[in-house]
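Descriptive structure summary
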Amino acid sequence: MTWVRQPTALTRVVQVTFDAADPKSLSIFWAHALGYVNDDPPAGFETWEEALESLGVPPAQRNSASAIHHPAEAGPRVFFQQVPEAKAGKNRVHLDVRAAPGLQGDERMSALETECDRLVALGAARIRRHEPAPPMSHGFIVMADPEGNEFCLD
């Protein structure tokens, strides 16, 4: 297969969506992990709680969704939607959090360990560390967010 870049008039905007038991809590974790911010409430409202109350959303449904975005719009929006079922298996798609771009060897792994410690303090779990194996891998750490969704520190 040959990769070809073709100009196109059609551009797609990507949003990453997580199924979640607790969208608000998971969005707070990922906002801290990625340096993102929560979406602002609708115009005219100071808080989401105020907006949802005004719109007549019952209290039991106020944690059905949450969203975060990069403060400079430099990355995809991340949306969290409440679902009734628990996570059932390994993710087929996952995020790579680029915590050490351009670093190699001990310097890279040290930077990944520092980020791993920070994310564990926020509620993530460390799963396993993969040592560098050039030329195919520079090393990474597999983790899980507070609801068990796997991601890698790369």
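Our subject in this report is the structure included herewith. (Residues numbered from 1 in each chain as written. Predicted model: local features only at pLDDT ≥ 70, side-chain atom pairs only at ≥ 80, totals over all residues. Heavy atoms only, no water.)

**A look at the overall build of the protein**
Stated formally: Secondary structure follows DSSP: runs of H or I at least 4 residues long count as helices, runs of E at least 2 residues long count as strands, and numbering of each begins at the N terminus. Here the term buried applies to any residue with accessible area under 20% of the maximum for its type, exposed to any over 50%, and partly exposed to those in between, with areas from a 1.4 Å probe on protein chains only. We call two residues in contact whenever any of their non-hydrogen atoms come within 4.5 Å of each other. All accessible-area figures derive from a Shrake-Rupley calculation using a 1.4 Å probe, and residue coverage is judged against the displayed protein chains alone. Charged-residue counts in this description rest on Lys and Arg as positive and Asp and Glu as negative, His and the chain ends being excluded. A single reference atom marks each charge: NZ on Lys, CZ on Arg, CG on Asp, CD on Glu.
Of the regular secondary structure elements, the protein holds 3 helices and 8 strands. When its helices and strands are written in sequence order, the protein yields β-α-β-α-β-β-β-α-β-β-β. The buried share among the 154 residues of the protein stands at 31%. Restricting the contact set of the protein to residue pairs at least 6 apart, pairs at least 24 apart contribute 59%. For the protein, the computed accessible surface area is about 10300 Å², with 55% contributed by carbon and sulfur atoms. Considering the protein, the positive charge centre built from 14 side chains and the negative charge centre built from 21 side chains are found 8 Å apart.

**A closer look at the sheet that holds strand β6 (residues 125-130)**
Definition in use: At least two DSSP bridges between two strands are required for those strands to pair. As a rule, the C-alpha atoms of each element are fitted with a line to give its axis, helices using only the stretch in contact, and angles between N-to-C directions run from 0 to 180 degrees.
The strand order β5-β8-β7-β6 describes an open sheet built from 4 strands, whose pairing is mixed. Because the sheet does not close on itself, it has two edges, and the strands there are β5 (95-97) and β6. Averaged over neighbouring strand pairs, the angle between their axes works out to 25 degrees when direction is ignored. In this structure, β6 lies alongside strand β7 (residues 140-144), joined through 5 bridges in antiparallel fashion. Among the inter-strand pairings, His-130 is bridged to a residue of β7, identified as Phe-140. Helix-sheet contacts for helix α3 (residues 105-121) involve β6, β7 and β8 (150-153), and the interaxial angle to β7 is about 10 degrees.

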